[in-house]
Amino acid sequence: MRLHNKTLKSNLLLIVKLGFIWGLIEAAPGYVIHILHLNYFIPFLISFGIGLMVYGVVKTNNPLAAVATSFIASLLKMLNLFFIGAIPIGWIINPAIHILLEGCFVAVTAGIFMGVVKNKQSRYQLDVKSNN
């Protein structure tokens with residue numbers, strides 16, 4: 001199966017890389033942000049994750065890349081359960097669930113917009129007939 005002249009293997013590798021990057025950013029600095037109650041940094045983490053998911057969707061031309069990326073990132077976020085520190089479990093599980101929901105939202109939004117773009121392109125295409 002080929003998507004945008006790339007093999008399925010390279011698309012999966014891209015999704016894993018993006019999910020790994022986002023997961024590490026959520027796991028390490030995100031952990032510190034929750035411990036220090038620096039909640040004004042959370043929108044930056046969310047924006048970073050959305051940017052990575054949109055990049056993955058554009059590169060693979062598949063909205064489900066956002067869900068796969070968020071799944072990998074949420075798994076890495078769950079590694080915070082093994083960190084030593086006095087942090088409530090809800091501060092780990094709630095962001096992990098939020099990451100998954102964010103991936104679903106981006107996938108649905110991208111799917112809608114990709115469908116609209118495809119429909120507009122096919123609807124307004126001009127049929128040019130040659131007179132030869």
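See the structure printed just above.
Draft legend 1. Layout of the side chain of Lys77. Within the secondary structure, Lys77 is located in helix H3 (residues 64-77). The buried charged residue Lys77 lacks any salt bridge, with Glu26 as its nearest oppositely charged partner at 4.4 Å. Within polar-contact distance, the side chain of Lys77 engages the backbone oxygen of Glu26 at 3.1 Å.

Draft legend 2. Geometry of a nonpolar patch on the surface. Taken together, the side chains of Leu79, Leu81, Phe82, Phe83, Ile89, Ile93, Ile97 and Leu101 present a nonpolar region at the surface, about 770 Å² in accessible area. Examined against the element boundaries, Phe83 turns out to sit in the loop between H3 and helix H4 (90-123). By relative accessible area, Phe83 is classed as partly exposed at 38%.

Quick notes on the rules
Residues numbered from 1 in each chain as written. Predicted model: local features only at pLDDT ≥ 70, side-chain atom pairs only at ≥ 80, totals over all residues. Heavy atoms only, no water. Helix = DSSP H or I, 4+ residues; strand = E, 2+ residues; numbered from the N terminus. Buried < 20%, exposed > 50% of the residue type's maximum accessible area, 1.4 Å probe, protein only. Lys, Arg positive; Asp, Glu negative; His and termini not counted. Salt bridge = Lys/Arg side-chain N within 4 Å of Asp/Glu carboxyl O. Polar contact = N/O pair within 3.5 Å; in protein donor to acceptor, adjacent residues only side chain to side chain. Patch = residues over 30% accessible without salt bridge, like charges linked within 9 Å, V, L, I, M, F, W, Y side chains within 5 Å. Areas by Shrake-Rupley, 256 points an atom, 1.4 Å probe, with all protein chains shown as cover.

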